[in-house]
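Tertiary structure, described
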Amino acid sequence: MTQQTPSDPGDYRARMIRRGPAAPGKIEKAHDPRQALIRLASYLVPYKTVLAIVLVFVIISTAGGLVGPYLLGQAIDRYIATKNPSGLAVIAGWMLAVFLTGNLVDAISGRMMAAVSQKALKNVRRDLFDHLQTLPLRFFDNHPAGELMSRLTNDIDAINTAVSQNVVALLASVLSLGGILAAMFVLNFWLALASVIVVPIMFWFTSFVARYTRKGFRELQKNLGQLNSVMEEAISGQRVVKAFRRDASVTENFRKYNQQVYRSAVYANSYALLLMPLTNQLGNLFVIAIAGLGGWLALQNLVTVGTIVTFISYGRSFINPLRQLANMYNSIQAALAGAERVFEILDTPAEPDVTPSSAPQEKIAGQVQFENVRFSYMEGTPVIKNMTLEVKPGETVALVGPTGAGKTTIVNLLTRFYETDSGQVKIDGSDISQMPKANLRRQLGIVLQDTFLFSASVMDNIRYGRLDASDEQVIQAAKMADADYFIRQLPQGYQTMLSERASTLSQGQRQLLAIARAILADPAILILDEATSSVDTRTEARIQKALLRLMQGRTSFVIAHRLSTIRDADNVVVIRDGEIIEQGNHQLLLNRGGFYHHLYMSPFKGEEI
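The structure contained in this document is the topic of the report that follows. (Residues numbered from 1 in each chain as written. Predicted model: local features only at pLDDT ≥ 70, side-chain atom pairs only at ≥ 80, totals over all residues. Heavy atoms only, no water.)

**With respect to the overall build of the protein chain**
Helices and strands together make up the secondary structure of the protein chain, namely 22 helices and 10 strands. The burial tally for the protein chain puts 45% of its 609 residues in the buried class. In the protein chain, the proportion of contacts linking residues at least 24 apart, taken out of those at least 6 apart, comes to 77%. Put simply, the protein chain shows about 30,900 Å² of open surface, and 59% of that area lies on carbon and sulfur atoms. (Helix = DSSP H or I, 4+ residues; strand = E, 2+ residues; numbered from the N terminus. Buried < 20%, exposed > 50% of the residue type's maximum accessible area, 1.4 Å probe, protein only. Contact = heavy atoms within 4.5 Å. Areas by Shrake-Rupley, 256 points an atom, 1.4 Å probe, with all protein chains shown as cover.)

What follows is the structure, given as structure tokens:
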């Protein structure tokens, strides 16, 4: 295994992201904003050299902000009071140079920080998306697609706003506060003491507001995720919405969740925006205090007018960082709430698998065994009950039974989309739980009822079965699937771009592309889950012809309701309530007069079983 050096960003993030093993199935929630901030900062650590340069520029800019008011005071006391225009011109030139230098380094540091922040956020998005690919299907069963999209978009955008726009401003504000305090105490102790009276008031109010603002922004991000989920479902299901005339219902549902977002946003921002008027009032209080005390000290000849002007200028500069912190507070709280939700996903345990160092699986014969397998989607509600089944290499097995009997669950366990509660599933005598999933699934081909095609060319959609296949191999697979004829009739043939989910193709055409994809993958074990249930009889005949080519010489699991798809199966396995109650060939089961015979003699005349 390749060793990572301590300076490797991936190694550092891996240590920060995963704080020890998590309990299986338990999501470790990051409710501590401080911890969320530390983990978020870990993404900036690999760029510490650039950040150090940015810090130097911020220090230069802050020093310029301190020197400017001091030069102004000196100009009043030494040149304006003594009516020295040449000296005033010189010090004015120095002030101009200081301000221009400050603006220049601000621009440079801002550009550098923007580049660093975007690199860090790119890594956050990469880690989040990569981790999503490792999560089990059980996780996606419990998390709507819209909610996950919200974490990849809204939450990352909230972090982006805080990191890219506010990190430099935060550093500058903190340094300015420290520098101004030090400069004021050097100039005059009593005026400085009067100035800092606003600090404890500001921090007390900020901590008071923080409790409510943090809660509000976390609720806001949660509600945004729910709203995204509602919108994603409404847009994806437009055909169903229009077919059942549910436009008003969908709109009402959207309005309900939109209202929740509105309420939580008002709650969060109402508290956050209290800080702005407070800082304005504190600024006015500061000027009053300095003007009053400074005027009295000037009458006593204890301070000069220039010193008072310097203090007032420092005071304005002192309030500005406080005001900036108040402005940043809103986005920082939103960023921390978003970071918590992102790290909540990153803390979700990945799908269990054996170590990558396991030996690659060679081409398998295709013998499949289920030995006393039990499985439950929800604890306490078993779907598969002590199932034992053996399938010989090259055998075609039809899984038959009522809806909810557990047919699809059997193939979900074979593909390790879900893990068994107990018992073993074996291929060629080897427990599949000890096989790397990539090696296992490389031997499996799946054709589902609801074919999923991507927004890509026809060629690329078929090649999804084997990415290293040549164009000639893709075309040959399409010919074997009996799909070549209609592909060549498309506007650009194999290079025709398909829309999302290939809605411009018929169900039968999509199924033929899925079969071509499976043929190209050349699996040892084939799984057909209701592959012909949504097409007409003529299209079914064409698909059946392609399926027979695909099934030849392969161990095949066929899940179907239509008798025509299972009549020629080597073994028909009848499942009811998660248990095998009958098995044998079609004619044998009919002769027994059992449950299968009852299904065959149903009012549907055996066409739907």
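**Focus on the packing of aromatic side chains**
Taken as a whole and judged by the stated rule, the model has 7 aromatic pairs. On the numbers, 4.7 Å between centres and 85 degrees between planes, the contact of Phe375 with Tyr377 is edge-to-face. Here Phe375 falls in the buried class, since its relative accessible area comes to 0%. Joined through ring pairs, the aromatic side chains of Phe375, Tyr377 and Tyr418 make up one cluster. (Phe/Tyr/Trp six-rings, centres within 6.5 Å; stacked < 30°, edge-to-face > 60°.)

**With respect to helix α7 (residues 154-187)**
End to end, α7 covers 48 Å across 34 residues, agreeing with the expected 50 Å (1.5 Å per residue, within 8%). The largest bend in α7 comes to about 55 degrees, at Asn166. (Expected span 1.5 Å × (residues − 1). Bend = angle between axes of the 7 residues up to and from the residue.)

**Notes on the nonpolar core**
By size, the foremost hydrophobic cluster in this structure holds 45 residues, and its most contacted members are Ile462, Ile487, Leu513 and Ile515. The leading source of residues in this core is helix α19 (residues 507-521), at 8 residues. If sequence neighbours within four positions are ignored, Leu513 has contacts with Leu453, Val458, Ile462, Phe486, Ile487, Leu498 and Leu505. Of all hydrophobic cores here, the second largest spans 30 residues; its members include Ile364, Ile525, Ile559 and Ile575. (Core = buried A, V, L, I, M, F, W, Y, C linked by side-chain atoms within 4.5 Å.)

**Re the sheet that holds strand β10 (residues 579-584)**
Sheet architecture is open: 6 strands sit in the order β6-β7-β8-β3-β9-β10, paired in mixed fashion. Edge positions in the sheet fall to β6 (444-448) and β10, since each of these pairs with one other strand and no more. The mean angle between the axes of side-by-side strands here comes to 20 degrees, regardless of whether they run parallel or antiparallel. Two strands pair when backbone bridges link them, and strand β3 (residues 396-400) and strand β8 (residues 555-559) are joined in this way by 4 bridges, in the parallel orientation. Of the residues in β8, the one forming a bridge with Val397 is Phe557. Docked against the sheet, helix α14 (residues 407-414) engages β3, β6, β7 (525-529), β8 and β9 (571-576), running at close to 145 degrees with respect to β8. (Pairing = 2+ DSSP bridges. Axes fitted to C-alpha atoms, helices over the stretch in contact; angles between N-to-C directions.)

**A short note on a nonpolar patch on the surface**
Taken together, Phe185, Phe189, Trp190 and Leu193 make up a surface patch of nonpolar side chains, about 430 Å² in accessible area. If you tally residues by element for the nonpolar patch, the top one is helix α8 (residues 189-195), at 3 residues. Note on placement: Phe189 falls in helix α8. In this structure Phe189 comes out as partly exposed when scored by relative accessible area, which is 44%. (Patch = residues over 30% accessible without salt bridge, like charges linked within 9 Å, V, L, I, M, F, W, Y side chains within 5 Å. Salt bridge = Lys/Arg side-chain N within 4 Å of Asp/Glu carboxyl O.)

**Section: the side chain of Arg554**
Assignment of secondary structure puts Arg554 in the loop between α20 (537-551) and β8. Among residues more than four places away in sequence, those in contact with Arg554 are Gly394, Glu395, Asp522, Pro523, Ala524 and Arg549.

**Quick notes on the packing of helix α4 (residues 85-134) against helix α6 (residues 145-152)**
Here α4 crosses α6 at 155 degrees, and the two axes come no closer than 10 Å. As judged from the angle between their axes, α4 and α6 are roughly antiparallel. Contacts between α4 and α6 involve Arg125, Leu128, Phe129 and Leu132 from the first element and Leu148, Arg151 and Leu152 from the second. Its residues placed into classes, the contact of α4 with α6 shows 5 nonpolar, no polar and 2 charged. (Parallel < 35°, antiparallel > 145°, perpendicular 65-115°, else oblique. Nonpolar A, V, L, I, M, F, W, Y, C, P; charged D, E, K, R; others polar.)

**Brief notes about the pairing of β9**
Here β9 lies mainly inside the structure; 5 of its 6 residues are buried. Here 4 bridges tie β3 to β9, and the two strands are oriented parallel to one another. Within β9, the position partnered with Leu399 by the bridge is Val573. The sheet contact formed by β9 and β10 spans 5 bridges and is antiparallel. Its bridge partner lying in β10, Arg576 is registered against Glu579. Between β9 and β10, which pair antiparallel and follow one another directly, the connecting turn spans 2 residues, one of which, Asp577, has a positive phi of 55 degrees.

**A few points about the sheet that holds strand β5 (residues 430-431)**
Read across the sheet, 4 strands follow the order β2-β1-β4-β5 without closing on themselves; strand pairing throughout is antiparallel. With partners counted over all chains shown, the strands left at the sheet margins are β2 (381-391) and β5, one partner each. Two elements, strand β4 (residues 422-427) and β5, share 2 bridges in a ladder whose sense is antiparallel. Following the sheet pairing, Ile427 is matched in β5 by Ser430. In the packing of α14 onto the sheet, contacts are made with β1 (368-378), β2 and β4, and the angle to β1 comes to roughly 110 degrees.

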